[in-house]
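What follows is each chain in one-letter form.
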Amino acid sequence: MGFFERNRNDLAGKGIDPSRLPPGQYSTDRFPVLHAGNVPNYGDLSNWTFEVFGEVDHGFKLTWSEFCELPSVEILTDIHCVTKWSKFDTNWKGVDLAIIIERAQVRSSATHIMLHSEYGFTANVPLKDLEDHQNIAIFAYEYEGKPLDPEHGFPLRFVMPHLYFWKSAKWVRKVEFMNGDRPGFWEQNGYHMYGDPFQEQRFWGD
Ligand SMILES: Nc1nc2c(c(=O)[nH]1)N[C@H]1C(S)=C(S)[C@@H](COP(=O)(O)O)O[C@H]1N2
Ligand SMILES: [Mo]
């Protein structure tokens, strides 16, 4: 029996339903760090802003303290990285994308969003996924009850756990509501436009 098969078989013994593990993935208790480029080094966040623009009636820009005043939610979710690790029951706290949509008065013409992060990293995701209330997308500032580690996205990252984790942009600064889809950073480099882990949509053509 190979590593992947043994890993999958071990899940039931740990009380985890093996169907939670997408095909081609293994489960880990570690929290690997993956990104292109450098980890931003923030000072006191006094220059940090969060901006909402695009297909909206009321674009806005918030400071860090204003962002922290938005209503928050906590989620417990599995995450799946395209490099084949999955991690079960991760706990995140932050602001539901629905709060941002409401506040910005997003137009009905908006179909997708582009997350814009530090150093030009971008990621695209569709809005229609949120019609399925099983799915959630949040802007997270806490992981397991503590502020995010710098390498995991401090102070703020996107988390949309039903898609591969590359969609979950770290160090996010802006969200753009778009009419139509556009490839983000990894998508321009051959990754799938959608990225459903259960369909193994890793690369173009998957
Ligand atoms: N800003 C930014 N966010 C990013 C990336 C990146 O390169 N830059 N990489 C993505 C990828 S490919 C993955 S798998 C996850 C990894 O998140 P982690 O380091 O917290 O595990 O971050 C995603 N978010
Ligand atoms: Mo990734």
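Just above, that's the structure.
The notes below deal with the structure included here. Remember, predicted model here, so these are calculated numbers, not experimental data.

Definitions and limits used
Here the residue index of a chain counts from 1 through its sequence in written order. The lettering of chains begins at A and the numbering of ligands begins at 1, in the order of writing. Side-chain atom pairs in this predicted model are given and counted only at pLDDT of 80 or more, local residue features only at pLDDT of at least 70, and totals for whole chains, interfaces and linings cover all residues. Based on all heavy atoms of the structure, the side-chain values leave hydrogens and waters out of the count. Helix and strand labels come from DSSP, where a helix needs a run of H or I of at least four residues and a strand needs a run of E of at least two; each type is numbered from the N terminus. For the radius of gyration, the atom set is restricted to C-alpha positions; the globular benchmark scales as 2.2 Å times the number of residues to the power 0.38. Whether a residue is buried, partly exposed or exposed follows from its accessible area with a 1.4 Å probe, protein chains only, as a fraction of its type maximum: under 20%, in between, or over 50%, in that order. Any pair of residues with heavy atoms lying within 4.5 Å of one another is described as a contacting pair. We get accessible surface area from the Shrake-Rupley algorithm with a probe of 1.4 Å; when it comes to residues, only the shown protein chains can shield them. The charged-residue count follows a simple rule in which Lys and Arg add positive charge and Asp and Glu add negative charge, with His and chain termini not counted at all. A charged residue contributes its charge at one atom only: NZ of Lys, CZ of Arg, CG of Asp or CD of Glu. A cutoff of 4 Å decides nearness: a residue is near a molecule or strand if any of its heavy atoms lies inside that distance of it. Two N or O atoms count as a polar contact when they lie within 3.5 Å, although within protein this holds only if one can serve as hydrogen donor and the other as acceptor, and sequence-adjacent residues are included solely when both atoms are side-chain atoms. Side-chain classes are defined by residue name, with Ala, Val, Leu, Ile, Met, Phe, Trp, Tyr, Cys and Pro counting as nonpolar, Asp, Glu, Lys and Arg as charged, and the others, Gly among them, as polar. A pair of strands counts as paired when DSSP detects no fewer than two bridges linking them. Note on geometry: axes are lines fitted to C-alpha atoms, helical ones only across the stretch in contact, with angles between N-to-C directions running from 0 to 180 degrees. Pairing of aromatic side chains requires ring centres within 6.5 Å, counting the rings of Phe and Tyr and the six-membered ring of Trp. Pairs whose planes differ by under 30 degrees are stacked, by over 60 edge-to-face, and all others tilted.

Digging into the overall build of the protein
- Along its length, the protein carries 4 helices and 11 strands.
- Computed over the C-alpha atoms, the radius of gyration of the protein is 17 Å, within 12% of the 17 Å expected from 2.2 N^0.38 for a compact globule of 206 residues.
- Here the C-alpha coordinates of the protein stretch approximately 55 × 35 × 30 Å along the principal axes.
- Residues classed as buried in the protein amount to 50% of the 206 residues present.
- Within the protein, residue pairs in contact and separated by at least 24 positions form 66% of the contacts whose partners lie at least 6 positions apart.
- Of the accessible surface of the protein, which amounts to about 10,200 Å², a share of 49% is contributed by carbon and sulfur atoms.
- Computing the positive centroid from 20 side-chain charges and the negative centroid from 29, the protein places the two 5 Å apart.

As for the site of ligand 1
- Taken together, the neighbourhood of ligand 1 is formed by 19 residues, with Pro32, Ala36, His152, Arg157 and Lys170 sitting nearest.
- Within the backbone of Ser168, one N or O atom sits 3.2 Å away from a nitrogen atom of ligand 1.
- The class makeup of the residues in the shell around ligand 1 is 13 nonpolar, 4 polar and 2 charged.

Details of the sheet that holds strand 11 (residues 172–178)
- Spatial ordering of the open sheet is given by 3-2-11-6-7, a layout of 5 strands whose pairing is mixed. The open sheet has two edge strands with one neighbour each: strand 3 (60–63) and strand 7 (122–126). Taking the axes of each pair of neighbouring strands and ignoring which way they run, one obtains an average angle of 15° across the sheet.
- In this structure, strand 2 (residues 49–54) lies alongside strand 11, joined through 4 bridges in parallel fashion. Within strand 11, the residue paired with Val52 across the bridge is Val175.

Regarding the packing of aromatic side chains
- Going through the model one piece at a time under the given rule, you end up with 25 aromatic pairs.
- The interplanar angle of 85° and the centroid separation of 5.1 Å between the aromatic rings of Trp48 and Trp64 together place this pair among those described as edge-to-face. Of this pair, Trp48 sits in the loop between strand 1 (26–27) and strand 2 while Trp64 sits in helix 2 (residues 64–68), and the two are 16 residues apart along the sequence.
- Trp48 gets classed as buried once you look at its relative accessible area, which sits at 2%.
- A centroid spacing of 4.9 Å and a plane angle of 85° characterise the contact between Phe185 and Trp186, whose relative ring orientation is edge-to-face.
- With relative accessibility at 29%, the residue Phe185 sits in the partly exposed group.

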